[in-house]
Amino acid sequence: MASKLTTSNRAGWGFALPGFGLITLFIVVPFFFAFFLSLTNQRLISPNPTEFVGLDNYSNLLSIRVLSIEPVVNDAGDIVRDADGNPEYPRVRDFTRNNPDYPQYDGMREWFRWHSGETAKVVVATDVVFWKSLRNTLMFVLVVAPVQGTLALGLALLINQRLRGINIYRAIYFMPVVVSIVVVSLLWRFLYAEEGLLNNILGALSFGMFEGRDWLGDPDTALGAIEAMSIWQAVGFHMVIWLSGLQTISPTLYEASSIEGASKWQTFRYVTWPGLRNTAILVLIVITMQAFALFAQVDIMTSGGPLDSTTTVVHQTVVRGYGKQDISGASTISVILFLLVLSISLIQRYLTREK
Amino acid sequence: MTNTKTLAGALLLTTSFGSMAMAQTELTMWYHGGGNEVESAIITQIVDDFNAGQADWMVTVESFPQGSYNDSVVAGALAGNLPCILDVDGPVMPNWAWAGYMQPLPISDAAIEGHLESTIGRWGGEVYSVGLWEAAVALYARQSTLDELGLRTPTLDSPWTLEEFMGALEAAKASGKYEYAFDPGMAWTGEWYPYAFSPFLQSFGGDIVDRSTYQTADGVLNGDAGLAFGAWWQSLFTEGYAPGTSQDPADRDTGFIDGKYAFSWNGNWAGVATLDGGVEDVVFLPAPDFGNGSVIGAGSWQFGASGTCAHPEGVAAFVEHALQDKYLAAFSDGIGLIPSTTEGAALTANYNAGGALEPFFGLSEAQALVRPVSPGYVVAAKVFEKALADIANGADVADTLDAAVDEIDADIERNGGYGH
Amino acid sequence: MAAVNADNHGLRLVTRYVVLTLIAIIFIFPLIFMMVSSLKPDLQLLRDTSSVRAFLPVGDISLNNYTAAFSRAPVGLFVFNSVLVTGATVVLSLFLCSMAAFSFVFLNWQGRDLLLSVIIATLIVPFETIAIPLLLLVSKLPWIGFDGLSFGWLNSYRVQIIPWIADGLTVFLFVQFFKDLPRELIEASRVEGATWWQIYRRVVMPLSGPVLATAAILKFLVMYNQYLWPLIVVQEETYRPVLVGLQYFFQLNTAWGEIMAYLTVITLPVLAFYLVLQRAFIASIASTGVKG
């Protein structure tokens, strides 16, 4: 009965088509074009003809191997050790540059290594920077998505109360979102500087115990600094989404729970949270997508450095596509990113499915 | 709504006036001076004089902010939407010429006679672009600093050697008066790195690519000279002589003036600001000689004709008009650039004999070396920039330079040798 | 007894305000820095950045940076362009995306799930990665204007508006919201013989105040902060938006004071837009009567 009432191919397509058509023309079609480019050697600027190269771009990006290196042995057959007693190893470049005995490693670079007994296991890749950008992006998503989502919910609950002047606070919490990320990144560069405000405040709070750090110049802290700033900047955005979700929860449910004498936590657990289901999925997906698209902050604050510690996948597509004129390489990264995020969202969807 | 109407009306008015102006052929010009009022005023003056002075051509200017100018041109070219007259940064010109974005400029030899060679853009044996000015880089210092530290004042004929330079940095560091001894300008990412720092590499005897063939960087970027340069470059940061890649952009602009840095590697464009900032005893020292002569970068913005332009002769007429000494002097006085002729320099306030910035003219004549003249430079420059940033941040010198060589070589190969 | 309760209540109220205010400080300080800095000459501005003075309008205070910024670049034109492009896109986007979402949630039709999946999948395509293909596409698209058929959309308002009207996020936002609306309402209207357009217009949209406000703000932000796209498709100053205009201020010796002034000016329209829309939130909160 109900399904018959709501079944209409004509109305369905009619309502969806204008929006869907635009999305197809301006997002789907260009994306397929990018996919096509990833199979060619297309350059951004070139008089040379475009050639089909198959999956070369993919293998250039993704080739990764483990190289086992034995310690250096002296004439007597003993392992050469440095002052600390650690064995010395030959340089990786001896294996990866012009060495006919190891053609499979040619042109590869070290990403990281670990030790198995006295043998060094070195992970080498043709495109170490790409692998680092992948790692950084995943790290960023893993930190930012949960922290930002939770903080945003906390703020939304805090702000969703009737209090004189609450609108002022609501506006203030949203302000970092209002200002462009470009602007915010410029401002935070001043804060993070070695002689900058953050160090001075931490120094004052710790009575001089805290020694200033070069937040954006140190590979150990640069990504964390960008994560912190990104969370700060966009948390208001998700607060607004949570807020609109909170407002769809019927007040009668709250009245019922207060009549039953439920505690605040119980009210949240059994009334608020279930009512936020669809909002939660929305927030989770939006945060994840945005985190994967991380670019502007990195471009302005660190240009991906120091030592590639903050470069991201999208940053790499821009660096290569525009800066290095390698539009086919950049398109390849886009396709890989798409497939990666698609599989993650399918997993997310499976985990949050309605049971 | 009224606003839109007025705006549309105003636009309509200007266009109809424009088309009324006789049978002049319209030539659009793209210029990188958006946001620079002085520069815009001068270019407008040149264009107005040109349009009024002859009956064949009518130039109209479209301004772009410099920071995004190249991206705009590439996008315009991809979309088949280039103007007739293009403004192009010297080292980028071969790339655009090779790609067909530009065509040879039919300018007479007489018009460019006596100009600094680095202001003339040549590719494949033909002139593609001509510039009205040059820029130069010098080692900024205070005379009082040199005196206090007991340092010899280097000259063009007798620049500091590597030992003297490092001795100067050590002395400045030991004095304890400076936050850092030397400010190379790491906060200025982008073209500054290859422009300002590749001359150090060249002074060591290396280069970004092998200029005999332009087919590889192997052996010049990662050869012995390259490795020596890399080790020296890294020591600037590990020994605490220079602020690294995370330098506060504000410090780059004011650090030397504020006395935070003893020496600063900076361009002539900062000269006036430094004098105005109260550093009256500033001296502009020539680049140190690291063994293979003193070198500074060369090649600034130039004018040329786009590949799709139907009237290159009109472009040439405009460029010849713009090359008059009075305009060279106007640009120099307005924005501090070095005029491309001695006659032009004589007309300026700062570069005439005895002028405050005169040393830069000498530097340009004596030490200037253009960046590799190759379509592949654009990509090699980005690779070089990243390598220098990585080495400054502690990456292994040999591995980093090897990787840079691999990337540059792979790019040259993918582009079929870039037409050399 | 009652007195103790009142005291307790007062204390809790104070605590609440203290917490809210502390958080507010964290969120607002860079903006104070921006606005205060816009009043200072460059050298002082840079020297102040390392201390509390960065937040205080002290020293040599003037509006000179504003005067200079307005004479350096056509600031008014840039803001006008951005507001025009943003306004048009937001209105069209809310309309088309809510219609699509309406169809996805309330109607049954063949191909529905496939189309929705495609739209959701477009969420994961960062714009930077399709910018060049899109540029090549729009440079060939036809257009019928006053002067007949022409090809190529560069240098116009439409090239900044039309490709951005429909997007996965906005559709998705409406979809998630519509799922929470009571379906009985729709079915009842159908039984009463209402057309789908009437249901969309008279039943669903009036209930969608909060999501419309949310979607409008999010879309406004995306559009107002456009940079890469207008940079590559607009070559004439006449159509340039605010963030491309920001580049005018990055010269060899960066004029930081003017940048701060410019940033302050371009932030005002967004702030105004948000404050206006906030009333939609307030209204809906008042009606639901959520208690703190």
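Residues numbered from 1 in each chain as written. Chains lettered and ligands numbered in written order. Predicted model: local features only at pLDDT ≥ 70, side-chain atom pairs only at ≥ 80, totals over all residues. Heavy atoms only, no water.

**Digging into the state of the cysteines**
All names here are of chain B. Within the structure shown, the criterion is met by 1 disulfide over all chains. One disulfide bridge connects C84 with C309, the sulfur atoms lying 1.7 Å from each other. Between C84 and C309, the S-S dihedral sits near 65 degrees, and the bridge is therefore right-handed. You can see C84 sitting in the loop between helix 3 (69-78) and strand 3 (85-89) and its partner C309 sitting in the loop between strand 13 (301-306) and helix 11 (312-322), a full 225 residues away along the chain. (Disulfide = S-S within 2.5 Å. Helix = DSSP H or I, 4+ residues; strand = E, 2+ residues; numbered from the N terminus.)

**Observations concerning the side chain of T137(A)**
By secondary structure assignment, the location of T137(A) is in helix 5 (residues 128-159). Leaving out residues up to four positions away in the same chain, T137(A) has contacts with A291(A), F292(A), T312(A) and V313(A). (Contact = heavy atoms within 4.5 Å.)

**A short note on the domain arrangement of chain C**
Residue and element names in this part refer to chain C. By domain assignment, chain C separates into domain 1 (1-72 + 250-277) and domain 2 (76-241). Summarising the inter-unit geometry, the C-alpha centres of domain 1 and domain 2 are found 33 Å apart. Opposite the 8 residues of domain 1 that make contact, domain 2 presents 10 residues. Considering only the surface of domain 1 that becomes buried against domain 2, V270, F273 and L277 emerge as the three largest contributors, covering 51% of it. Across the contact surface, domain 1 and domain 2 share 0 salt bridges. For the pair domain 1 and domain 2, the number of links is 1 residue pair in polar contact (both at pLDDT 80 or more). Of the residues in the side of domain 1 that touches domain 2, the class split is 8 nonpolar, no polar and no charged. (Domains from an automatic or database assignment. Buried area = accessible area lost by both parts, 1.4 Å probe. Salt bridge = Lys/Arg side-chain N within 4 Å of Asp/Glu carboxyl O. Polar contact = N/O pair within 3.5 Å; in protein donor to acceptor, adjacent residues only side chain to side chain. Nonpolar A, V, L, I, M, F, W, Y, C, P; charged D, E, K, R; others polar.)

**Describing unusual backbone geometry**
Look at Q325(A): it is not a glycine, yet its phi comes out positive at around 60 degrees. Considering the arrangement of structural elements, one finds Q325(A) in the loop between helix 14 (313-323) and helix 15 (327-351). Classification of Q325(A) by relative accessible area gives buried; the value is 4%. Not every positive phi belongs to a glycine, and Y214(B) is a case in point at roughly 60 degrees. With respect to the secondary-structure elements, Y214(B) resides in the loop between helix 7 (192-204) and helix 8 (224-238). Here Y214(B) falls in the buried class, since its relative accessible area comes to 14%. (Buried < 20%, exposed > 50% of the residue type's maximum accessible area, 1.4 Å probe, protein only.)

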